[in-house]
Amino acid sequence: MRTTEASDKGGEAMAKREAPILEVRDLEVEFAVDDGKIKVLDGVSFSVAPGQTLGIVGESGCGKSVTSLAIMGLLPKPHGQVVAGSIRFQGEELLSLPPDQMYRVRGNRISMIFQEPMTALNPVQTVGAQLMEVFSLHRPDYSKKQRQAAAIAMLHKVGIPEPERRFGVYPHNLSGGMRQRVMIAMALACEPSLLICDEPTTALDVTIQAQILELMKDLQTQTGMAIIFITHDLGVVAELCDEVVVMYAGRAVERADIYELFDHPRHPYTHGLMASIPRLEDVPKSLLKTIKGQVPALHEMPAGCRFSNRCPHATEICVGTNPVTEQLTDRHGVACHHWKELSI
Ligand SMILES: Nc1ncnc2c1ncn2[C@@H]1O[C@H](COP(=O)(O)OP(=O)(O)O)[C@@H](O)[C@H]1O
Ligand SMILES: [Mg+2]
C-alpha cells in the first residue's frame, strides 16, 4: 500500500528505481518566436518507475506543461521543438519514433489528463460515445456491445454515479468534478503504463480534488501504472508522490524522494515553495518567507542561475554561472552554488 510508513515506501521506491519506465535526459525545448528562438526547457532530467508517482512542481510558466507535451510528442508544430536530450519509454527512444508510431504510443501506452477537461472533451459528443471511441482504438477486437459495456464499467470505476445514465449525456451536463472523472476514465480506458496528469485538480474545489486524488491512488494500486503528476501545489505532491522534481524557469533545480525533499530541501526555491504551504509548520521559514517577484520572461533570463534575481542568497557566482546539478546522494540532486551553506 502507498500509505504505509516511510521506510517501506522508501524501500519500495528504491527497488522500483532500478527499472524506470520513462527516462528523460537533458531535455531541451525551443520555441520559435518573432525575434528568434527561446529555450523553454534547458536540460531537464528525471525518471519514473512502474507503480511510482513522480511529482513535477513549480510556479506557473516554469515549463511543466511543455515537459509533458514533449513526452507526448504534442509540442505545437512547427514552432516548438526538442533540440537536445532523450526521452526513453519502455526502453525505446520516443524522439526518434515516426509520427504514426508515436500516435499508437499515445493511444495505448501513455495517457494524459489535462488541467481543463472541457478543452479535451468534445462538447458535441456524448460521454459514452467518446469513451467508446477510445475503446475502438485500443480494443479493435471488441464488438459495439462490448465497447459500450466497457465504457459503462469504466465510468463506474472512476466513481461516476448512475453510469448507464451518464453514458448518454454531453460534457456540459456534468459538473467540473464529474467531467474530470470522465477525463480520467478516457485516459485509463487504454490501460496505459504511464499516466501524465497536468494539474488535473487545479480547477476543482478542495473536496472534489481530494476525491480525485484518492481515486487516482486506488487506480494506481489496481493497475501498477506509473504517474507523472504536475502541479504548482507542494501540498498535493506530499499527498501523492514518491519522488519530486522541482522546476524553475525551464530547469530542474532539485530532485529528491518525497521524504528527503520535505525533510532536507536544499534549493532556496524549494524552501520558498514550502514556506508557502500554510499547514507545514516546521519548514525553515527563516530562509525565505515567500518568494518575491515572478519567473522572469524567457528573453530576460539571468545568465547564470535563473533564480538568482529572486534569491535572497544569491552572490556574484550565481549571477554569472549556471550551477550544475550536484548529486548529494543517488536520490537527491540540487542545482545551487550555495546549497551547502544553506543546509539545515
Ligand atoms: N506555444 C508556445 N509558444 C511559445 N511559448 C510557449 C508556448 N507554450 C508555452 N510557452 C512558454 O513556455 C514557458 C513554459 O510554459 P508552460 O510549460 O506552459 O509552463 P507551466 O506549465 O509550468 O505553467 C512559458 O514561458 C510559456 O510562455
Ligand atoms: Mg501548465
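These numbers come from a predicted model, not from an experiment.

1. Here's the deal with the sheet that holds strand E7 (residues 194-198)
The strand order E6-E7-E8-E3-E9-E10-E12-E11 describes an open sheet built from 8 strands, whose pairing is mixed. Every other strand in the sheet has two partners, leaving strand E6 (110-113) and strand E11 (326-329) as the edge strands with one partner each. Strand-to-strand twist of the sheet, defined as the mean angle between neighbouring strand axes without regard to direction, takes the value 20°. In this structure, strand E3 (residues 53-57) lies alongside strand E8 (residues 226-231), joined through 5 bridges in parallel fashion. Bridging across to E8, Gly 55 finds its partner in Phe 229.

2. Brief notes about the side chain of Glu 30
Checked against the element boundaries, Glu 30 lands in strand E1 (residues 22-33). Put simply, Glu 30 is tucked away with no salt bridge, and the nearest opposite charge, on Lys 37, sits 4.3 Å away. Sequence-distant contacts of Glu 30, defined by excluding residues within four places in its chain, comprise Lys 37, Ile 38, Lys 39, Val 40, His 79, Gly 80, Gln 81 and Val 83.

3. Looking at the packing of aromatic side chains
Using the criterion set out here, one finds 4 aromatic pairs in the structure. Considering the side-chain rings of Tyr 248 and Phe 307, the 4.9 Å spacing of their centres and the 75° angle between planes classify their relative orientation as edge-to-face. Of the two residues, Tyr 248 sits in strand E9 (residues 243-248) while Phe 307 sits in the loop between helix H12 (268-275) and helix H13 (316-320), which places them 59 residues apart along the sequence. Here the two residues Tyr 248 and Phe 307 agree in accessibility, since each one is buried. Note on Tyr 269 and Phe 307: the rings are 5.2 Å apart at their centroids and 65° apart in plane angle, and the pair reads as edge-to-face. On the criterion of sequence distance, the pair formed by Tyr 269 in helix H12 and Phe 307 in the loop between H12 and H13 is long-range, its members being 38 residues apart. Residue Tyr 269 shares its accessibility class with Phe 307, and that shared class is buried.

4. Regarding the site of ligand 1
Contacts to ligand 1 come from 13 residues, most closely from Gly 61, Gly 63, Lys 64, Ser 65 and Val 66. Contact distances for ligand 1 include 3.1 Å between an oxygen atom and a backbone N or O atom of Cys 62. Within the contact set of ligand 1, an oxygen atom lies 2.8 Å away from a side-chain nitrogen or oxygen of Lys 64. Coverage of ligand 1 by the protein amounts to 67% of the 560 Å² it exposes when considered alone. Of the residues contributing to the shell around ligand 1, the split by class is 6 nonpolar, 5 polar and 2 charged.

5. What to know about the nonpolar core
Side chains of nonpolar character tend, in soluble globular proteins, to be buried together. Counting 99 residues, the largest nonpolar core has Leu 22, Phe 46 and Ile 228 as its most contacted members. The residue makeup of this core includes at least three contributed by each of domain 1 (120-189) and domain 2 (265-342). When sequence neighbours within four positions are dropped, the list of residues in contact with Leu 22 reads Phe 46, Ser 47, Val 48, Ile 71, Ile 87, Arg 88, Phe 89, Leu 194 and Ile 228.

6. What about the pairing of strand E4 (residues 80-89)?
Note that E1 and E4 share 8 bridges and pair antiparallel. Looking across to E4, one finds that Glu 28 is bridged to Ala 84. In terms of strand pairing, E4 meets strand E5 (residues 92-93) through 2 bridges, oriented antiparallel. Note that in E5 the partner of Arg 88 across the bridge is Glu 93. Between E4 and E5, which pair antiparallel one after the other, the connecting turn spans 2 residues, and Gln 90 there sits at a positive phi close to 45°.

7. Comments concerning empty space enclosed by the protein
The final tally for this structure, using the stated rule, is 3 cavities of 30 Å³ or more. Quantified by volume, the largest cavity comes out at close to 70 Å³. Of the residues assigned to the lining of the largest cavity, the class counts are 7 nonpolar, 5 polar and no charged.

8. Overview of the confidence of the model for the protein
Mean pLDDT over the protein stands at 87; residues scoring 70 or higher make up 89%. Here residues 1-16 is a poorly scored stretch, pLDDT under 50, and it has 25 contacts once near neighbours within four places are set aside; other chains count. A low-confidence stretch, residues 283-288 (pLDDT under 50), is modelled with 15 contacts involving residues beyond four sequence positions or located in other chains.

Reading guide: rules and limits
Residues numbered from 1 in each chain as written. Chains lettered and ligands numbered in written order. Predicted model: local features only at pLDDT ≥ 70, side-chain atom pairs only at ≥ 80, totals over all residues. Heavy atoms only, no water. Pairing = 2+ DSSP bridges. Helix = DSSP H or I, 4+ residues; strand = E, 2+ residues; numbered from the N terminus. Axes fitted to C-alpha atoms, helices over the stretch in contact; angles between N-to-C directions. Buried < 20%, exposed > 50% of the residue type's maximum accessible area, 1.4 Å probe, protein only. Lys, Arg positive; Asp, Glu negative; His and termini not counted. Salt bridge = Lys/Arg side-chain N within 4 Å of Asp/Glu carboxyl O. Contact = heavy atoms within 4.5 Å. Phe/Tyr/Trp six-rings, centres within 6.5 Å; stacked < 30°, edge-to-face > 60°. Near = heavy atom within 4 Å. Polar contact = N/O pair within 3.5 Å; in protein donor to acceptor, adjacent residues only side chain to side chain. Areas by Shrake-Rupley, 256 points an atom, 1.4 Å probe, with all protein chains shown as cover. Nonpolar A, V, L, I, M, F, W, Y, C, P; charged D, E, K, R; others polar. Core = buried A, V, L, I, M, F, W, Y, C linked by side-chain atoms within 4.5 Å. Domains from an automatic or database assignment. 1 Å grid on protein atoms, 1.4 Å probe; cavity = no way out; pocket = protein on both sides within 12 Å on 5 of 7 lines; lining within 4 Å. Points joined across faces, edges and corners; volume = space filled by probe spheres on them. pLDDT = per-residue confidence, 0-100.

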